[in-house]
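Chain and residue survey
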Amino acid sequence: MKLAFPSEEWAKQLQVELNQSQNYAEAAATWEGDFYFIVDAGQGVVKEEVMYLDLWHGKCREAGMLADRTVKTPEFIIAAPLAAWKQVIGRKIDPIQALVTRKLKLQGNMLKIMKSVKAANELVRCTTFIPTQYPD
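Treat the numbers as computed from the prediction; the structure is a model and nothing was measured.

Looking only at helices and strands, one finds six helices and seven strands in the protein. Each helix and strand of the protein, ordered N terminal to C terminal, gives the series β-α-α-β-β-β-β-α-α-β-α-α-β. Over its C-alpha atoms the protein spans a radius of gyration of 14 Å, differing by no more than 12% from the 14 Å that the globule rule assigns to 136 residues. With the principal axes as the frame, the protein shows a C-alpha extent of 35 × 30 × 30 Å. Across the 136 residues that make up the protein, the buried fraction comes to 48%. Restricting to contacts in the protein with at least 6 residues of sequence separation, those with at least 24 account for 67%. If you sum the accessible surface of the protein, you get close to 6900 Å²; carbon and sulfur atoms cover 54% of it. A distance of 5 Å separates the average location of the 17 positive side-chain charges in the protein from that of its 16 negative side-chain charges.

Another point: unusual backbone geometry. For the bond from phenylalanine 5 to proline 6, the omega torsion is -5°, close enough to zero to count as cis. Here proline 6 is to be found in the loop between strand 1 (3-4) and helix 1 (8-20). For glutamine 43, which is not glycine, the phi dihedral falls at a positive 50°. The exposure class of glutamine 43 is partly exposed, given its relative accessible area of 46%. Its identity as a non-glycine residue notwithstanding, histidine 57 has a phi of 50°, on the positive side. Summarising the element assignment, histidine 57 is placed in the loop between strand 3 (49-56) and strand 4 (59-66).

Cut-offs applied
- Residues numbered from 1 in each chain as written.
- Predicted model: local features only at pLDDT ≥ 70, side-chain atom pairs only at ≥ 80, totals over all residues.
- Heavy atoms only, no water.
- Helix = DSSP H or I, 4+ residues; strand = E, 2+ residues; numbered from the N terminus.
- Rg over C-alpha atoms; globule rule 2.2 N^0.38 Å.
- Buried < 20%, exposed > 50% of the residue type's maximum accessible area, 1.4 Å probe, protein only.
- Contact = heavy atoms within 4.5 Å.
- Areas by Shrake-Rupley, 256 points an atom, 1.4 Å probe, with all protein chains shown as cover.
- Lys, Arg positive; Asp, Glu negative; His and termini not counted.
- Charge placed at Lys NZ, Arg CZ, Asp CG, Glu CD.

Encoded structure:
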């Protein structure tokens, strides 16, 4: 069964995949930071969708969808239209390349993310294990 992206179920499955991944645990062993992954309204997405991930030393401590951006104050916000997220999740574009070319728009310390390229790539690799259904 495919899980809708973005959705609470998809976010929770990503948490499972991250927490089961030895590669992610090793790559992100020193990472401390939480994220909003924002899917912009448009392209089948009625309103802005806010996914939250709390990543801490190679584990995902919390994941889910939030009502809006005001619920938490994460260290990083990455926002993009659905088409860009599909490219990243589908591994058509490297996540760091997507940030550098502004296909994904970052609020937060880019240098910190650049120091954790392997962790970012492992996180994206974990998304590929989730059978995903995108909105039309």
